[in-house]
Amino acid sequence: MECIFCAIANKSLVSRIIYEDAFSVAFLDITPRSKGMCLVIPKKHIEDFNQDMEIAKECFETALIVEQKIMKALKPLTVFIALLPSQVPHAHIRVYPVYEKEIPLIENKPIQTNDAELDEIAKKLKSVNIEKPKKNLEEPKPKEEKKEIIVEKKEKEDTSWIKRYFEVA
Ligand SMILES: [Zn+2]
């Protein structure tokens, strides 16, 4: 049987995706523990984030974007971001909006919702446009030759100064 989160990532299973990039997908949980609860998954199938730190970083960054989207669109008191043991063997981050009436938030007790409400929340979250900062993939430019010569010359001067000092002493 295909992994359910891989199916969501490759879109063979329809979900309410609210953010997506080359490494990760964020979508609304259909059995949310609070209004607007989302899951962030890597596109690549890994069971645990420890297996790939680069993917872990990307997914955590996505979770922070989802947090900001939720704060802007749904205005909860706060947002919890959690890694919890799960039945699904595909690494995922849970992002829970927390509202006053939902404290304490109980992980094993889904709230009541319906397709229309989930569609509306997904639309709101998608409309908040937040992107990851562009990563600078260019190699740093080598120092100009002129500067390197100066550094070298200075080092020579320093050495001779130490030498002179010991000669006098
Ligand atoms: Zn998977």
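Preceding block: the structure.
Residues numbered from 1 in each chain as written. Predicted model: local features only at pLDDT ≥ 70, side-chain atom pairs only at ≥ 80, totals over all residues. Heavy atoms only, no water.

What about the pairing of strand S2 (residues 24-28)?
Step number 1: Most of S2 is tucked away, with five of its five residues classed as buried.
Step number 2: In this antiparallel pair of consecutive strands, strand S1 (residues 17-20) and S2, the connection spans three residues.
Step number 3: Summarising the sheet, S2 and strand S3 (residues 38-42) pair through five bridges and their orientation is antiparallel. Of the residues in S3, the one forming a bridge with Leu28 is Cys38. (Buried < 20%, exposed > 50% of the residue type's maximum accessible area, 1.4 Å probe, protein only. Helix = DSSP H or I, 4+ residues; strand = E, 2+ residues; numbered from the N terminus. Pairing = 2+ DSSP bridges.)

Things to note about the environment of Ala73
Step number 1: Assignment of secondary structure puts Ala73 in helix H2 (residues 53-74).
Step number 2: Distance from Ala73 to Ile121, taken between C-alpha atoms, is 8.4 Å for residues 48 residues apart in sequence.

So, unusual backbone geometry
Step number 1: For Lys11, which is not glycine, the phi torsion reads 70 degrees and is therefore positive.
Step number 2: The topology assignment puts Lys11 in the loop between helix H1 (4-9) and S1.
Step number 3: Phi at Lys75 takes a positive value of approximately 50 degrees, unusual for a residue other than glycine.
Step number 4: Lys75 gets classed as exposed once you look at its relative accessible area, which sits at 62%.

Points about H2
Step number 1: Counted at 1.5 Å a residue, the expected span for H2 with its 22 residues is 32 Å, and the 31 Å between its end C-alpha atoms agrees.
Step number 2: When H2 is considered as a whole, its buried residues turn out to be Ile55, Ala56, Glu58, Cys59, Thr62, Ala63, Ile65, Val66, Lys69, Ile70 and Leu74.
Step number 3: Measuring from the side-chain oxygen of the N-cap residue of H2 to the backbone nitrogen of Glu54 gives 3.2 Å; that N-cap residue is Asp52.
Step number 4: Immediately beyond the C-terminal end of H2, within one or two residues, lies Lys75, with a positive phi of roughly 50 degrees. (Expected span 1.5 Å × (residues − 1). Polar contact = N/O pair within 3.5 Å; in protein donor to acceptor, adjacent residues only side chain to side chain.)

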